[in-house]
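As a plain string of letters, each chain reads:
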Amino acid sequence: MVLEGAGLALAACEIQRPEPGPGEILVRIEACAVCRTDLHVVDGELADPKLPLVLGHEVVGTVAALGPGVTRFAPGGRVGVPWLGWSCGQCRFCRSGRENLCDRARFTGYTIDGGYAEFTVADARYCFSLPPSYDSPHAAPLLCAGLIGYRALVAAGDAERLGIYGFGAAAHIVTQVARWQGRRVFAFTRPGDGEAQRFAGDLGAEWASGSDQRPPEPLDAALIFAPVGPLVPAALAATDKGGTVVCAGIHMSPIPSFSYDLLWGERRIRSVANLTRADGDAFFDIAARAPLEVTVETMPLASANDALQRLRTGQVRGAAVLLP
Ligand SMILES: [Zn+2]
Ligand SMILES: [Zn+2]
């Protein structure tokens, strides 16, 4: 399913099966989850995508062939391909454990082809082995919703009272990790979305309401997964002194101006960008030990446009996953 240009529907095309180059693996795709970032690419909100482009950066499949020099994986083994597809290893960010900020990073399903397809190639150094306790459709959302959601959770520090704004794919996994770690979770959904609020409660949130509501007690940290700028001052207002508001999305509508009072008291606002391989190792270690219930809505690959539309309108419970 190929994106030819911003604003266009994806087109079903026959494309050449890619050949793995040195250090790369050919992956026969079993499942690819749909991320809100995919919508931002389709909508032209992220600059300079590869075009034409195969979207998708939550890819699970089996190794169909090895390029020269690959020893990390064996043919037939299962791998996950995440958003970070390559980093330079030489810039000051790469050299300081921050490859997520690499000046020359390449991203799966954005600047290199991804997983809305039957096959893809990936640099083996950036792929992950996945816990066997998750089948491929349920493992796919772990690759971004879980992994980058986990990076956002780490950015919240040791916050005990955790607010989560936007209860989509990332939130439904992060809530379970946070509960497993012994934190308390307060969920904020689209106002009036009682079904999402019940879903949050089922996953362990002790309170769930619309994002226009204040929590029953102040938060130690808030994670914002919805791409909605006005949630930043709302989350600051809900956060206690010394608390952190983490913006976890790659794109957000403009943040309205707000009174300095909301930031005063050593509150912080920060973003989370991309992932490092160390984040993935830490997260998949947790995913193997914590019994995460990943909720998926599977659809055939050819229904990718429907999946994107359902995500856009807030109809997906958990994560949408495409099956070739
Ligand atoms: Zn993503
Ligand atoms: Zn770099």
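That block above? That's the structure.
Residues numbered from 1 in each chain as written. Chains lettered and ligands numbered in written order. Predicted model: local features only at pLDDT ≥ 70, side-chain atom pairs only at ≥ 80, totals over all residues. Heavy atoms only, no water.

Glancing now at the packing of aromatic side chains. Under the counting rule described, the total for this entry stands at 11 aromatic pairs. Seen from their ring centres, Trp83 and Phe107 are 4.8 Å apart, and the 20 degrees between their planes marks the pair as stacked. Residue Trp83 is located in the loop between strand S5 (78-81) and strand S6 (84-86), and its partner Phe107 is located in strand S7 (residues 106-107); the two are separated by 24 residues in the primary sequence. Given a relative accessible area of 3%, Trp83 falls into the buried group. Look at Phe107 and you get buried, because its relative accessible area is 11%. Ring centres of Phe107 and Tyr110 lie 6.5 Å apart, and the angle between their planes is 20 degrees; on these two criteria the pair is classed as stacked. As far as the burial class goes, Phe107 and Tyr110 line up, both buried. (Phe/Tyr/Trp six-rings, centres within 6.5 Å; stacked < 30°, edge-to-face > 60°. Helix = DSSP H or I, 4+ residues; strand = E, 2+ residues; numbered from the N terminus. Buried < 20%, exposed > 50% of the residue type's maximum accessible area, 1.4 Å probe, protein only.)

Among the surface-exposed residues, Ile255, Phe258 and Ile269 lie close enough to one another that they form a single nonpolar patch of about 230 Å² accessible area. Relative to the helices and strands, Ile269 resides in strand S14 (residues 268-271). Residue Ile269 is classed as partly exposed on the basis of its relative accessible area, which comes to 36%. (Patch = residues over 30% accessible without salt bridge, like charges linked within 9 Å, V, L, I, M, F, W, Y side chains within 5 Å. Areas by Shrake-Rupley, 256 points an atom, 1.4 Å probe, with all protein chains shown as cover. Salt bridge = Lys/Arg side-chain N within 4 Å of Asp/Glu carboxyl O.)

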